[in-house]
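Each chain is listed here by its residues.
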Amino acid sequence: MASDLPPPYTAMTRHDMMPRANHDETARFNFLTHFNRYLSGAIGGGNKLAYDKRVLPAFRETHGRDPEHRYEIRDAMNEDSWHRNWSALKRNSMEMRQHNGRQIVLRQLDELDAMAAKLIEQSGILELDPSVEQPPYQTAVDIHCQPGGYHTEERENDVTVGANYDVGLFATTGGALGGSNDGGGQAVVGWVKAERPDWRPRRILDIGCTVGHNAVPIALAYPDAEVIAIDTAAASLRYGAARAAAMGVRNIKFVQASGEDLSRWADGHFDWVQTTMFLHELSSKAMPRLLKEAHRVLSPEGLILHVEQPQYSDEMPLFEQFMRDWDAFNNNEPFWTAMHGQDLKQVMADAGFARESQFVAGVRAVVDPEIFPPSPDDGEEDFGRAAIWNAYGAWKDPVTSIEPAAAV
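Residues numbered from 1 in each chain as written. Predicted model: local features only at pLDDT ≥ 70, side-chain atom pairs only at ≥ 80, totals over all residues. Heavy atoms only, no water.

*Asks:* Is there a simple way to think about the overall build of the chain in this case?
*Replies:* Scanning the chain from N- to C-terminus turns up 15 helices and eight strands. By the compact-globule yardstick of 22 Å for 408 residues, the chain fits well, its C-alpha radius of gyration being 21 Å. In terms of its C-alpha atoms, the chain occupies a principal-axis envelope of roughly 65 × 55 × 40 Å. Residues classed as buried in the chain amount to 55% of the 408 residues present. The contacts of the chain with a sequence gap of at least 6 include a subset with a gap of at least 24, amounting to 81%. As displayed, the chain has an accessible area near 17,900 Å², and 52% of this comes from carbon and sulfur atoms. One finds the centroid of the 39 positive side-chain charges in the chain at a distance of 1 Å from the centroid of its 59 negative side-chain charges. (Helix = DSSP H or I, 4+ residues; strand = E, 2+ residues; numbered from the N terminus. Rg over C-alpha atoms; globule rule 2.2 N^0.38 Å. Buried < 20%, exposed > 50% of the residue type's maximum accessible area, 1.4 Å probe, protein only. Contact = heavy atoms within 4.5 Å. Areas by Shrake-Rupley, 256 points an atom, 1.4 Å probe, with all protein chains shown as cover. Lys, Arg positive; Asp, Glu negative; His and termini not counted. Charge placed at Lys NZ, Arg CZ, Asp CG, Glu CD.)

In structure tokens form, the structure reads like this:
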């Protein structure tokens, strides 16, 4: 059925900063979109068959028991030819996506850099701080196989990595985040408006914003609010600010800062602190520091919301945990497995968010129905690839005392 097929790359919504793909580059992205759908669907299902028919019986014969941890399943599955071939194809699909996007961007980099500089100067919505250091957990590997990660610059005032991220995300997700790749941000807005329809946040902080796919929908939904989108990567912020300016968004500012150090903002400054698919990018030491800072700058009765894939638990089958763990070992997501193995509610409680004030809600990407019609498998999970997430959040206790900032 046509509704089962991902939309063509040409269905993506364009803005002035979006790199232009020619015929052959568009065809490559269309191939990758269908290839990813095939790997995740028809071919991906073979992993469970391989496990049930070959890997699990062999494990039982060798060990006299079932696997007790997802890592044991990983070690066993890595000996299976089906899983190895599937995994190699999936890894190569990501590398092909990055190379095609990078080719598109570098071909027109002079024009993109010049346009970004003009839009940023006219809008004044970018604030960079060269003293902000890139954290080692962002520089140790090329996150998502993107050459240079999200921070490397080709030259002064460069937008390469941000542009590459924007131009290829539609193909990576098969259009599951909508025409503007902002279905995650729209989902958050939809949840908040349904939960608190009369709430009017004055100041909103988006941590780990990259190019603003999720922060921009929030700014558009709350035009009277001041939205601050922070990241440590200047190259991504530069593109993100230019992208937002090209889309006519004015109540947002992109600021180079680390979520581990929000000292430039006073206690209780923000009514809403947001992260979207970002906590799994943090080391085990960085995440508690970030959450404590988020608690400090959040106003009493303010909202903190983290959109992530579900945490591993005893209720989640070990095979599902193993499949969700694929990115940690094959897609340069080194902190994925440790982060999702933690008791996130306890980590948030340790940061100051009382357990009784916490909640978990389901959210899914909001897309354009006239372009992305519902398909029969719309409600199925894809072990971390489908645009269906959990939102881990809390409304800060109104009686929480705020310690005065230490004198400098």
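*Asks:* When you look at the pairing of strand S5 (residues 270-276) in this model, what are you seeing that I'm missing?
*Replies:* For a regular strand, the rule is simple: side chains alternate between the two faces of the sheet. Of all the seven residues making up S5, seven are buried; the element is thus mostly covered by neighbouring parts of the structure. In this sheet, S5 lies alongside strand S2 (residues 203-207) in parallel orientation, the contact comprising three bridges. Bridge pairing in S5 places Asp 206 opposite Gln 274. Where S5 lies against strand S6 (residues 298-308), six bridges are found, and the strand directions are parallel. (Pairing = 2+ DSSP bridges.)

*Asks:* Can you walk me through the layout of surface pockets in this structure?
*Replies:* Rolled over the atoms, a probe with the dimensions of a water molecule shows which regions are left empty. Here the second largest pocket defines a volume of roughly 160 Å³. Taken together, Asp 129, Ser 131, Val 132, Gln 256, Ala 257, Ser 258, Asp 261, Ser 263 and Arg 264 make up the lining of the second largest pocket. (1 Å grid on protein atoms, 1.4 Å probe; cavity = no way out; pocket = protein on both sides within 12 Å on 5 of 7 lines; lining within 4 Å. Points joined across faces, edges and corners; volume = space filled by probe spheres on them.)

*Asks:* Even after reading the chapter, I still don't get the sheet that holds strand S7 (residues 358-364), so can you show me in this structure?
*Replies:* What holds strands together in a sheet is hydrogen bonding between their backbones, with the strands either parallel or antiparallel. Overall, mixed pairing links the eight strands, which are arranged S1-S4-S3-S2-S5-S6-S8-S7 in an open sheet. Bordering the open sheet on either side are strand S1 (126-127) and S7, each of which pairs with just one other strand. Lying over the sheet, helix H10 (residues 234-246) contacts S1, strand S3 (226-231) and strand S4 (252-256), oriented at roughly 170 degrees with respect to S4. The strands that helix H11 (residues 286-297) touches are S2, S5 and S6; relative to S6, the one it contacts most, it runs at about 145 degrees. (Axes fitted to C-alpha atoms, helices over the stretch in contact; angles between N-to-C directions.)

*Asks:* Got a minute to help me understand the side chain of Asn 214 in this structure?
*Replies:* Here Asn 214 is to be found in the loop between S2 and helix H9 (215-221). Separated by 3.0 Å, the side chain of Asn 214 and the backbone nitrogen of Gly 185 make a polar contact. If we ignore the near neighbours within four places in the chain, the residues touching Asn 214 are Gly 184, Gly 185 and Thr 276. (Polar contact = N/O pair within 3.5 Å; in protein donor to acceptor, adjacent residues only side chain to side chain.)

*Asks:* Any chance you could explain the environment of Ala 351 here in plain terms?
*Replies:* If you trace the backbone, Ala 351 turns up in the loop between helix H15 (344-350) and S7. Taking the relative accessible area as the measure of exposure, Ala 351 reaches 9% and is therefore buried. Expressed as a C-alpha distance, the spacing of Ala 351 and Arg 289, which sit 62 residues apart in the sequence, is 8.0 Å. Discounting residues that sit within four places of it in the chain, Ala 351 has contacts with Leu 291, Lys 292 and His 295.

*Asks:* Just to check I follow, could you spell out helix H7 (residues 160-173) for this structure?
*Replies:* Note that an α-helix has 3.6 residues per turn; residues three or four places apart therefore point the same way. Between its terminal C-alpha atoms H7 stretches 20 Å, which fits the 20 Å expected from 14 residues at 1.5 Å a residue. Within H7, 12 of the 14 residues are buried, which leaves the element mostly enclosed by the surrounding structure. Every buried residue belonging to H7 is among Thr 160, Val 161, Gly 162, Ala 163, Asn 164, Tyr 165, Asp 166, Val 167, Gly 168, Leu 169, Phe 170 and Ala 171, and all of these are buried. Taken together, the buried residues of H7 touch helix H1 (23-40), helix H4 (81-107), helix H5 (109-123) and H10. Positioned one or two residues after H7, Gly 174 has a phi angle of 65 degrees, which is positive. (Expected span 1.5 Å × (residues − 1).)

*Asks:* Any chance you could explain H11 here in plain terms?
*Replies:* Taking 1.5 Å of rise per residue, the 12 residues of H11 would be expected to cover 16 Å, and the 17 Å separating its terminal C-alpha atoms lies within 8% of that figure. For H11, the complete set of buried residues consists of Ala 286, Met 287, Leu 290, Leu 291, Glu 293, Ala 294, His 295 and Val 297. Looking at the buried residues of H11, the elements they touch are helix H6 (136-139), S2, S5, S6, helix H14 (336-340) and H15.

*Asks:* Explain the pattern of salt bridges here, please?
*Replies:* Should their charged atoms come close, side chains of opposite charge can pair. Following the criterion strictly, the structure yields 21 salt bridges and no others. Here Glu 68 and Arg 65 are joined by a salt bridge, their closest N and O atoms 3.9 Å apart. Of the residues examined, Arg 65 reaches a relative accessible area of 28% and is grouped as partly exposed. The salt bridge partner of Arg 91 is Glu 95, with a shortest N-O separation of 2.8 Å. Here the residue Arg 91 and the residue Glu 95 both occupy positions in helix H4, the gap between them amounting to four residues, near one helical turn. (Salt bridge = Lys/Arg side-chain N within 4 Å of Asp/Glu carboxyl O.)

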